[in-house]
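This is what each chain is made of:
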Amino acid sequence: MPTDMEMALRERFSVSLNESDALLSSDEIARNATGANVLFVTATEKIDANVFRALSPTLRTVATLSVGFDHIDLAIARAMGIEVLHTPDVLSDACSEVALMLLLNACRRGYEADQMVRSGKWNGWAPTQLLGIGLVGKRIGIFGMGRIGQAIAVRARAFGMKIHYHNRSPLAPALAQDAIYHSSLKELCRNSDVLMIAAPGTVELKGALDHAHLNALPRGSVVVNISRGDIVNDDALIGALTEGHVFAAGLDVFANEPNIDERYRKLHNVFLSPHIGSATHETRNAMGQLLIEGLAALRRGERPSNLLS
Ligand code: DGY
């Protein structure tokens, strides 16, 4: 946790830390947190039925420093009456900034450009060097037009892009503005020059971007993922990138992080970043603050807006 957050926690609780920051298995979490009333975790810790059962006599709340909660078994939490807090809203701007970073680097070949300069292989300006894709007038298809998706739309509009999206249901007109709704992911793919994945990670969406959906994208399109890696079928995306059906990808998230599919490392048309969507000083502290305020509200008997169960 950020230092400010650790300090704020120490002022309010008797705190036991995972000092080494090593990634703990759910069994280790259950052992190390015995007797805890509150468990502070991040998206990298799996909080499953084992953890809940082992800690249930004393555990009242799980607070996760993430908006995503696919690592927490919410059904069990609800059944056991354990509260779960997360961090919506405060990270939407930071995540949408990284989404645009990925989009720009994918379209304008950021990795290759950096490599050319860094490797000393740049022989000077040339008219056909590293030609990429311009954004003005292009269609961005946002899969998941929630808080982060809408923040991405604001920025994409400023780049002159046309906004298309797919959600389970259309947004109210005031939120959608000029964005065009598609009732299926396939239909969104057919209408996207850039497909931007911003849907929450859920069991139902695992592998949703498969061969069929990638084939539905126009040839030469770009794929960006700011959400969860396992929404993408890696075989399908790597095949499409290698064959050229997909021009480039920008990926901040991966299945099985940090042990990503090795083939991504070798592809020059992929811009990679290590799950840094919300990684700004301001945002991390805001996330921590939101959890601490949520806990205080719960103890006052109120229902904070970031309560999931
Ligand atoms: C989130 O908040 O869900 C981000 O992916 C960081 O874990």
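Worth saying up front: this structure is predicted, and the values here are computed from it rather than measured. (Residues numbered from 1 in each chain as written. Predicted model: local features only at pLDDT ≥ 70, side-chain atom pairs only at ≥ 80, totals over all residues. Heavy atoms only, no water.)

Novice: So what about the environment of isoleucine 292? Which residues, and what values?
Specialist: Of note, isoleucine 292 is situated in helix α13 (residues 281-299). For isoleucine 292, a relative accessible area of 5% gives the class buried. Residues isoleucine 292 and methionine 5, 287 residues apart in the sequence, show an inter-C-alpha distance of 8.6 Å. Not counting residues up to four positions away in its chain, the partners in contact with isoleucine 292 are Met5, Ala8, Leu9 and Arg12. (Helix = DSSP H or I, 4+ residues; strand = E, 2+ residues; numbered from the N terminus. Buried < 20%, exposed > 50% of the residue type's maximum accessible area, 1.4 Å probe, protein only. Contact = heavy atoms within 4.5 Å.)

Novice: I'd like a rundown of the sheet that holds strand β10 (residues 270-272), residues and numbers included.
Specialist: Here we have 7 strands laid out as an open sheet, ordered β6-β5-β4-β7-β8-β9-β10, and parallel in their pairing. Only two strands of the sheet have a single partner each, and these edge strands are β6 (180-181) and β10. Judged from the 5 bridges that link them, strand β8 (residues 221-225) and strand β9 (residues 246-251) form a sheet pairing that is parallel. Considered in β9, the bridge of asparagine 225 is made with leucine 251. (Pairing = 2+ DSSP bridges.)

Novice: Help me get a handle on the pairing of strand β7 (residues 194-197), residues and values and all.
Specialist: Burial of the side chains of β7 extends over both faces: Val194 and Met196 are buried on one face and Leu195 and Ile197 on the other. Pairing analysis gives 4 bridges linking strand β4 (residues 139-143) to β7, with the strands arranged parallel. Residue pairing across strands places phenylalanine 143 opposite isoleucine 197, the latter belonging to β7. The sheet contact formed by β7 and β8 spans 4 bridges and is parallel. By the bridge assignment, valine 194 is partnered in β8 with valine 222. Note on the crossover from β7 through helix α10 (residues 211-216) to β8: the handedness is right-handed. (Right-handed = clockwise from strand over helix to strand, strands pointing away.)

Novice: Quick rundown of the packing of helix α1 (residues 3-12) against α13? Include the residues and the values.
Specialist: In contact at an axis separation of 9 Å, α1 and α13 are set at 20° when each is read in the N-to-C sense. As summarised for this structure, α1 and α13 are arranged roughly parallel, according to the angle between their axes. For the pair α1 and α13, the sense of crossing is right-handed. On α13, the residues that touch Asp4, Met5, Ala8, Leu9 and Arg12 of α1 are Asn285, Gly288, Leu291 and Ile292. (Axes fitted to C-alpha atoms, helices over the stretch in contact; angles between N-to-C directions. Parallel < 35°, antiparallel > 145°, perpendicular 65-115°, else oblique. Left-handed = near helix turned anticlockwise from the far one by under 90°.)

Novice: Mind laying out the domain arrangement of the protein, listing which residues take part and the relevant values?
Specialist: Split by domain assignment, the protein resolves into domain 1 (3-90 + 280-299) and domain 2 (92-272). Every contact between the two is made by 9 residues of domain 1 and, on the other side, 6 residues of domain 2. At the boundary of domain 1 with domain 2, total buried surface from both sides reaches about 620 Å², with 48% on carbon and sulfur atoms. Taken as a group, Val67, Asp70 and Asp89 account for 56% of the area that domain 1 buries against domain 2, more than any other trio of residues on that side. (Domains from an automatic or database assignment. Buried area = accessible area lost by both parts, 1.4 Å probe.)

Novice: Explain the sheet that holds strand β3 (residues 83-85) residue by residue, including any values.
Specialist: What links the strands of a sheet is backbone hydrogen bonding, and the strands pair in either a parallel or an antiparallel sense. The sheet built from 3 strands is open, its strands ordered β1-β2-β3 with parallel pairing. Strand pairing shows two members of the sheet lacking a second neighbour, β1 (38-41) and β3, which therefore form its edges. With strand direction ignored, the average angle separating the axes of adjacent strands in the sheet is 15°. Judged from the 4 bridges that link them, β1 and strand β2 (residues 61-64) form a sheet pairing that is parallel.

Novice: How would you summarise the environment of leucine 100 if you had to cite specific residues and measurements?
Specialist: With respect to the secondary-structure elements, leucine 100 resides in helix α5 (residues 92-107). Here the alpha-carbon distance between leucine 100 and valine 224, two residues 124 residues apart in the chain, equals 9.0 Å. Those residues in contact with leucine 100, other than ones at most four positions away along the chain, are Ile152, Arg155 and Phe159.

Novice: Now, about the nonpolar core: what can you tell me, with residues and values included?
Specialist: Grouped together as the largest cluster of nonpolar side chains are 45 residues, with contacts concentrated most on Leu103, Ile140, Ile142, Ile152, Met196 and Ile226. Among the elements of the structure, α1, α5, β4, α7 (147-158), β5 (162-166), β7, β8 and α13 are those that each provide at least two residues to this core. The element best represented in this core is α5, accounting for 8 residues. Here this core gathers at least three residues from each of two domains, domain 1 (3-90 + 280-299) and domain 2 (92-272). Every residue in contact with isoleucine 152, bar those within four places of it in the chain, is listed here: Ser96, Ala99, Leu100, Ile140, Ile142, Met196, Ala198 and Ile226. (Core = buried A, V, L, I, M, F, W, Y, C linked by side-chain atoms within 4.5 Å.)

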